[in-house]
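Close look at the chain arrangement
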Amino acid sequence: MSVTPDKLISSILKHDSKQNTYKIALIRSINDVVLSFPDMLSVKKDIAIPLRLLARYWIAYYWPFVDENSPIYQSKRPSDGRGGYKNDISFRPQLAELRRQWKLINRVDSPADGYWLTNELNTPRKREQYKQIAPNLLQAYSKTINAIAKAIEQPTRYAGTHLDGNYSVFKPSDTLKNFHDVVAIPGTQHQDRCIVVPQHMWESFQHLSLWIEALSIHQWALFIEDVQQLTRPHVNAGNVFQLMISRPDNRVPLEWERNRFIAIMGQNITFQCPWSKELITTDSTFEVDHLIPVSVYPFNEIWNLVPTHPTANNRKRDKIPSQHLLQQARPILQQTYQTYHDADHDLQQILVVESHARFTTLDTQSALLPYQLSQNVIDFMEYTAQIRNLGRVENF
């Protein structure tokens, strides 16, 4: 490939011909995967991403546009020959049904709910809960993932065609077992269909992620502004931009995790707030902090959830503590993870499974798991702060 990866990514977003927003969604979703698995770069090989993982991000991106009362179309809709119109995106019926099922169990409907839903259903313990309370939601989710995974084949083929024809950027998708000398995202199965991102391109995504995110949203908004909506007034780029930057809030309760922490403290075990250094006991008022802020990614994995003092949690909010404070917090996080591991068998299993699914280099069978995990999490927090240019907390 004669063009540099950064120029290639920019060229796909800005200059590739587009019939819909699929190419933009593909680049944006790869960018989000890179951000979510920061230690993959250390493997020094091309990286296989399962289409089902990319499809999860597409659910979140397209979620605001499938409101049944106010849809926003992503391309010109040709006539179906029967007085109606074809779908602008092939998976609109499945995603619209998924959003409808979600609304049946949630009174509040937000453009950012796609992020919450996908992260909830990607967490095994959460998924089990939904099996009991919303089996139709899980069925709709599975159908949507499959429909989007099929749609992703299109931009995989045509990305960069203005440079060198079909498959000029990505090889044709295939099952993981048919790729050689690649490393797969944690949790990928041999039968999963994947696309492979070359190592040098992965590096560019990692170094330029904030710029790629901004350019993707900008180009997406401009594209939709030129789409005739037919059933609603003209949609301007500003409206689309606001929908696309919407992020989850903290309104989803973490009662299961909170009750587990209370049960542990009932064994006369004490937690310590990693930020204020205050002890947390059964007599304390505490909150459950997302170490990686919800506004960045709504990770409800147990390694990202720790008991904290309310005042410190309120000061931290959507920021990341300074590098100095992170290093001070590492031994406390290590002890917190050790407590999860030793005091509650169920929590131990969850910690192992959810840590293994996030951190490639982690040895989850090692007795040093709490130490290794605490360092991985601190590194992830620092990486996220720098890559996303987040505000920092200098003192608590």
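The coordinates are above.
Here's what I pulled together on the structure shown here. (Residues numbered from 1 in each chain as written. Predicted model: local features only at pLDDT ≥ 70, side-chain atom pairs only at ≥ 80, totals over all residues. Heavy atoms only, no water.)

When you go through the protein chain residue by residue, the secondary structure sums to 16 helices and 10 strands. The C-alpha atoms of the protein chain give a radius of gyration of 22 Å, which matches the 21 Å a tight globule of 396 residues would have. In terms of overall dimensions, the protein chain has a C-alpha envelope of 70 × 50 × 40 Å along the principal axes. By the burial criterion, 55% of the 396 residues in the protein chain qualify as buried. Residue pairs at least 24 apart in sequence account for 74% of intrachain contacts in the protein chain once pairs closer than 6 positions are excluded. (Helix = DSSP H or I, 4+ residues; strand = E, 2+ residues; numbered from the N terminus. Rg over C-alpha atoms; globule rule 2.2 N^0.38 Å. Buried < 20%, exposed > 50% of the residue type's maximum accessible area, 1.4 Å probe, protein only. Contact = heavy atoms within 4.5 Å.)

Another aspect to go through is unusual backbone geometry. The backbone phi angle of Lys44 is positive, close to 60°, even though this residue is not glycine. With respect to the element layout, Lys44 can be found in the loop between α2 (22-36) and β1 (46-50).

It is worth spelling out the packing of helix α1 (residues 5-14) against helix α9 (residues 199-207) at this point. Interaxial distance between α1 and α9 falls to 9 Å at its minimum, and their mutual angle equals 70°. One finds that α1 runs roughly perpendicular with respect to α9. Contacts between α1 and α9 involve Pro5, Asp6, Leu8 and Ile9 from the first element and His200, Met201, Ser204 and Phe205 from the second. Within the contact of α1 with α9, the residues separate by chemical class into five nonpolar, two polar and one charged. (Axes fitted to C-alpha atoms, helices over the stretch in contact; angles between N-to-C directions. Parallel < 35°, antiparallel > 145°, perpendicular 65-115°, else oblique. Nonpolar A, V, L, I, M, F, W, Y, C, P; charged D, E, K, R; others polar.)

So, on to the sheet that holds strand β2 (residues 174-175). In spatial order, the strands read β2-β4-β1-β3; together these four strands make up an open sheet with mixed pairing. Both outer strands of the open sheet, β2 and β3 (182-184), are each paired with one neighbouring strand and no more. Across four bridges, the pairing between β1 and strand β4 (residues 193-197) is antiparallel. Paired with Ile47 across the strands is Val197, a residue of β4. Contacts from helix α3 (residues 51-62) reach β1 and β4, with the element oriented near 65° to β1. (Pairing = 2+ DSSP bridges.)

Side chains of strand β8 (residues 305-308) alternate between two faces, with Leu305 and Pro307 and Val306 and Thr308 buried alike. Pairing of strand β7 (residues 287-290) with β8, which is carried by four bridges, proceeds in the antiparallel orientation. Looking at β8, one finds that His290 is bridged to Leu305.

This model, assessed by the stated rule, comprises 18 salt bridges. Of the charged contacts in the structure, one is a salt bridge between Glu257 and Arg125, with a shortest N-O distance of 2.5 Å. With Glu257 in helix α12 (residues 255-265) and Arg125 in helix α6 (residues 124-133), the pair connects residues that are 132 residues apart, well separated along the chain. Note on accessibility: Glu257 and Arg125 belong to one class, buried. The salt bridge partner of Arg392 is Glu382, with a shortest N-O separation of 2.6 Å. Note that Arg392 is positioned in strand β10 (residues 392-393) and Glu382 in helix α16 (residues 369-387), a separation of 10 residues in sequence. Judged by its relative accessible area of 26%, Arg392 falls in the partly exposed class. A relative accessible area of 11% places Glu382 in the buried class. (Salt bridge = Lys/Arg side-chain N within 4 Å of Asp/Glu carboxyl O.)

Let us now look at the packing of aromatic side chains. The tally for this structure, following the rule as stated, stands at 21 aromatic pairs. For the pair Phe261 and Phe271, a centre-to-centre distance of 5.7 Å together with 65° between the ring planes defines the contact as edge-to-face. You can see Phe261 sitting in helix α12 and its partner Phe271 sitting in strand β5 (residues 271-272), a full 10 residues away along the chain. Considered together, Phe261 and Phe271 belong to a single accessibility category, that of buried residues. Plain terms: the ring middles of Phe271 and Tyr340 are 6.2 Å apart, the flat faces sit at 65° to each other, and that makes the pair edge-to-face. With a gap of 69 residues between them, Phe271 in strand β5 and Tyr340 in helix α14 (residues 323-343) connect regions that are remote in the sequence. Residue classification places Tyr340 among the buried residues on the basis of a relative accessible area of 0%. An aromatic cluster is built from Tyr22, Tyr57, Trp58, Tyr61, Tyr62, Phe65, Phe91 and Trp220, whose rings are joined through pairwise contacts. Positioned above the aromatic ring of Tyr57 is the side chain of Arg56, whose terminal nitrogen or guanidinium carbon lies 5.9 Å from the ring centre. (Phe/Tyr/Trp six-rings, centres within 6.5 Å; stacked < 30°, edge-to-face > 60°. Lys NZ or Arg CZ within 6 Å of the ring centre and 35° of its normal.)

Spatial relationships are all this shows, so hold off on functional conclusions.
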